[in-house]
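# Commentary on secondary and tertiary structure
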Amino acid sequence: MNTGNYAMLEVFARALQPGGKIRVVSEAISVLEKCREFPVEQGYYRWLKIPVETDTEYEIFCEECQVSFCYLSGCENILEAGVCYLEQEKESGGFVKFSQARQYDSPIRETYHFAPWKNWLNDPNGLCWFQGYYHMFYQLNPHSQQWSQMYWGHAASKDLVHWVHLPVALEPQEEILNNPEEQKGGAFSGSAIMHEGEAIFFLTRSLGPMVDGENTLQQQWKMTSRDMLHFSKERLVIDRPPRGASFDFRDPKVIKASKKWYMALGSALEGKAAILLYESGDLEHWNYTGPLLVEKETGIRCMECPDFMELDGKYLAVGALMHHYDSQGRYQMCRYYIGDFEDGTFTEEHRGWFDFGSNCYAMQSFEHKGRRISIGWISDFYGEHLELERGACGSMTIPREMHIRDGRLYLTPVREIESLKSERLYRGQGENVCLKGICPNAYKAEVEFEDNIAFSIQLGGDENRGILLIHDEKGLRIQTKGVKSESVMFPAEVEKVEKLEIFADRRTVEVYVNDGEAVGTKLFYDISDQGCFILNAEAAECLKRAEVFRMESIWTGEK
Ligand code: FRU
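Residues numbered from 1 in each chain as written. Predicted model: local features only at pLDDT ≥ 70, side-chain atom pairs only at ≥ 80, totals over all residues. Heavy atoms only, no water.

## Notes on empty space enclosed by the protein
Across all of its chains, the model carries five cavities of 30 Å³ or more by this definition. When its volume is computed, the largest cavity comes out at roughly 110 Å³. Considering the residues around the largest cavity, the lining is formed by 14 residues, among which Trp353, Phe354, Glu517, Ala518 and Val519 are closest to the centre. Ranked by residue count, the leading element in the lining of the largest cavity is strand β30 (residues 408-413), at three residues. Counted by class, the lining of the largest cavity contains nine nonpolar, one polar and four charged residues. (1 Å grid on protein atoms, 1.4 Å probe; cavity = no way out; pocket = protein on both sides within 12 Å on 5 of 7 lines; lining within 4 Å. Points joined across faces, edges and corners; volume = space filled by probe spheres on them. Helix = DSSP H or I, 4+ residues; strand = E, 2+ residues; numbered from the N terminus. Nonpolar A, V, L, I, M, F, W, Y, C, P; charged D, E, K, R; others polar.)

What follows is the structure, encoded as C-alpha cells:
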C-alpha cells in the first residue's frame, strides 16, 4: 500500500488480548524505522495517530486487535482530496486502500445523499461555510451500525452536493473510553458560528450511567478552529442545567439576534419539553434568560437539537421532539414555531411539522450569502434498517433552503442539486406514467397538475411491499406497505397539490410539495435496486407535466 500524499495513518483499534498491537512496516525506509509497533489497549477502541512517510510503500498488520475504522490523512490538500480509507482484507489480513472518491456501493445505500463511509451517523453538527468550503460535522459511531459512544465525524463540500470525508474531529471523553461498560455519552451535538476569522463551536459533552437519569451530566463546551483541521482544547461554558430544567440539557445552537448572542438549548422544564435561552456579550459568559418556548403538548421527554433564527422578517424556532408520537403514529418529528421575538421573548403565531415523513430529525441550519440552509438527519425510527456488511446507518437530507411565506415555513432543495440530473427517463403530459426497473434506483421526478386531482404514485417496491405517495379525499400522504411503518400515516399539511419534486435515492425518498409548502422524508429499504415511478390518476388529462431524470452519484469514482 502506497501512502501517496498522505503523512498520517489514523487507526481506531482495540486489543482482543494483552499484547495486541498495530505493526507498520516499510522496506523503503531506514532499518531503524522499518518496523514500528504500536501497542493497543484492551477495552474500548483507541484512536492511534501514526506519522508515515509520503509516497512510500507500507504494510500494516493488526495483531490480536480489532480495527473498526482506518484512514490516511495529513495531506496538504485534504479539503479537496479527503481522507483515504483503508480496509482490512479478510483473506490476506492486509490493509487495502480505497480511493476517496469511492463509497461502498450497495442497493440500499444512497448515491446522492451524504452518508458516512460506514457505520452509524446521526445529527448534523457545526454546519457552516468557512474559507471557501461548507463544513458538516455529524454525530458518528465509527465502530458499528448502532448508536453508541459519540464522536464527531467531519465532511466538507464546495457546492453542498459533493462531499469529501475528513478526519474524525472529536472522540468521547477519557472517562468513557476507560469504562465504556458503565459510562455512556461522548461528544454530543452542537453548532458553529464564524467570529473574527475563527470558527467557534459550542457542543455538549454528555457523561452518565448506561440508563439516563439524574446522574447524567450534560455540559456545554466551547472550542475554536482557524483551519477546520485543528481544534483548540474545549472549555467549559455552562456546567449544569438551570433550576427546574431536566438532566436532558443539550445541543447548543448559538445565533446572533437583535445584535446579541443567544444560545438555544434543548431540555424540559417541569416535565414539559422546552427550548432554553441563554445570552452572552462575549461568547464566553452565558446567562440564563428563561425558556424561549415551552411545548404545550405533554408526553415528550425533552426538546433536542433546537434551532432558532431570524428569517424573512419573522423568527423561527425548531425543536426535535424526543419520544413523541403524534396522532397518526408518527414517531419523533421536528416541530417548527413561527413568531416574533422582542426583548428576549418569543411569541408563537404558527406551528407546523418540519417534515411530514418523520424520518428527518435533528435538523440544523446555517446562513451563507443570504441563504438559510438546513440539513436533517435521515433517521430510521421504525427499525427498518438492514444491517449489511460495511453498511451505513444514517444519512443526511438534501440541503434545503428555508423561507417564511404567508406565515408558513417553506423548504426547497438547494438549486445546486439540479447539477446531478442526467439522462431524462421520461417526459410527458396528460397520461399516466409507468417506469419500472430504474437501475440504480436514483432519480428525480417532477410533476405538475392542472387541477387538484386524486392520484397515487408508487415510488418503490411492488404490490406487496412498497412505498406510495397518495392524494385523495383524505389529503396527501406517504404510505408504506409490507414494512414496519405500514400502520403509520404520513400526511402532508397541504390543501391542494399543484407541483411535486420527488427525489428517490435507493432507501431514501424525499417529496417536496408545491415549491416547498411541505416536505416528507421516508426510508424504504429494497435490496433489489430496481426503482420505479408509477403514477396513476383517473383524471390523467390534468397532468400538466411529468418528467423523470436519472440522478448521478456524488461519489464520483463509483460506477
Ligand atoms: C438527537 C440526539 C441529541 C444528542 C445526540 C447524541 O438525535 O439525541 O440530543 O446530542 O443525538 O448522539
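So much for the structure itself; the text now carries on.
## A word on the environment of Ser189
Counting through the fold element by element, Ser189 comes out in strand β13 (residues 184-195). C-alpha of Ser189 to C-alpha of Leu321: the two residues are 132 residues apart in sequence and 15 Å apart in space.

## Quick word on the site of the ligand
Around the ligand, a shell composed of 13 residues is seen, among which Asp123, Gln139, Arg250, Asp251 and Glu304 lie nearest. Between the ligand and Ser189, the relevant distance is 3.1 Å, taken from an oxygen atom to a main-chain nitrogen or oxygen of the residue. Considered on its own, the ligand offers 310 Å² of accessible surface; in the complex 92% of this is hidden by protein. The set of elements that each furnish at least two residues to the shell around the ligand consists of β9 (119-130), β13, β17 (250-257) and β21 (303-311). When the residues that make up the shell around the ligand are grouped by side-chain class, the tally is six nonpolar, three polar and four charged. (Near = heavy atom within 4 Å. Polar contact = N/O pair within 3.5 Å; in protein donor to acceptor, adjacent residues only side chain to side chain. Areas by Shrake-Rupley, 256 points an atom, 1.4 Å probe, with all protein chains shown as cover.)

## Some words on the sheet that holds strand β31 (residues 421-428)
The strand order across the open sheet built from six strands is β31-β42-β33-β38-β39-β40, with neighbouring strands paired in antiparallel fashion. Lying at the two open borders of the sheet, with one neighbouring strand each, are β31 and β40 (518-523). Between one strand and the next, the sheet's axes are offset by a mean angle of 15°, whatever the strand orientation. Both strand β38 (residues 499-505) and strand β39 (residues 508-513) contribute to a ladder of six bridges, which runs antiparallel. (Pairing = 2+ DSSP bridges. Axes fitted to C-alpha atoms, helices over the stretch in contact; angles between N-to-C directions.)

## Description of the pairing of strand β6 (residues 65-73)
With eight of nine residues buried, β6 lies mostly within the body of the structure. Direction of pairing for β6 relative to strand β7 (residues 84-88): antiparallel, over a ladder of two bridges. Residue pairing for β7: Leu72 is matched across the bridge by Cys84. (Buried < 20%, exposed > 50% of the residue type's maximum accessible area, 1.4 Å probe, protein only.)

## Examining the nonpolar core
Counting 137 residues, the largest nonpolar core has Ile22, Leu500 and Phe533 as the members making the most contacts within it. It is β6 that provides the largest number of residues to this core, a total of six residues. Grouped together as the second largest cluster of nonpolar side chains are 20 residues, Leu293, Phe308, Ala317 and Tyr337 included. (Core = buried A, V, L, I, M, F, W, Y, C linked by side-chain atoms within 4.5 Å.)

## Let's talk about the sheet that holds strand β3 (residues 35-39)
The three strands lie next to each other as β3-β2-β5, forming an open sheet whose pairing is antiparallel. With partners counted over all chains shown, the strands left at the sheet margins are β3 and β5 (59-63), one partner each. Direction aside, the axes of adjacent strands within the sheet are offset by 15° on average. Judged from the five bridges that link them, strand β2 (residues 21-25) and β5 form a sheet pairing that is antiparallel. Directly across from Val25, in β5, lies its bridge partner Glu59.

## Focus on the packing of aromatic side chains
Inspection of every chain in the model, using the stated rule, returns 39 aromatic pairs. Taking 5.2 Å as the distance between ring centres and 25° as the angle between the ring planes, the aromatic pair formed by Phe12 and Trp47 counts as stacked. Note that Phe12 is positioned in strand β1 (residues 8-15) and Trp47 in strand β4 (residues 46-51), a separation of 35 residues in sequence. For the pair Phe12 and Trp47, one class covers both residues: buried. Ring geometry for Trp120 and Trp377: centres 5.9 Å apart, planes at 70°, overall edge-to-face. Of this pair, Trp120 sits in strand β9 while Trp377 sits in strand β26 (residues 371-378), and the two are 257 residues apart along the sequence. Both residues of the pair, Trp120 and Trp377, belong to the buried class. Linked through ring pairs, Phe12, Trp47, Phe69, Tyr71, Tyr85, Tyr104, Trp117 and Tyr151 together constitute an aromatic cluster. The ring of Trp47 carries the charged tip of Lys49 above its face, separated from the ring centre by 4.0 Å. One residue, Arg405, lies across the ring of Tyr410, its end atom 4.3 Å from the ring centre. (Phe/Tyr/Trp six-rings, centres within 6.5 Å; stacked < 30°, edge-to-face > 60°. Lys NZ or Arg CZ within 6 Å of the ring centre and 35° of its normal.)

So, to be careful, I would describe these as geometric facts and stop short of saying anything about function.
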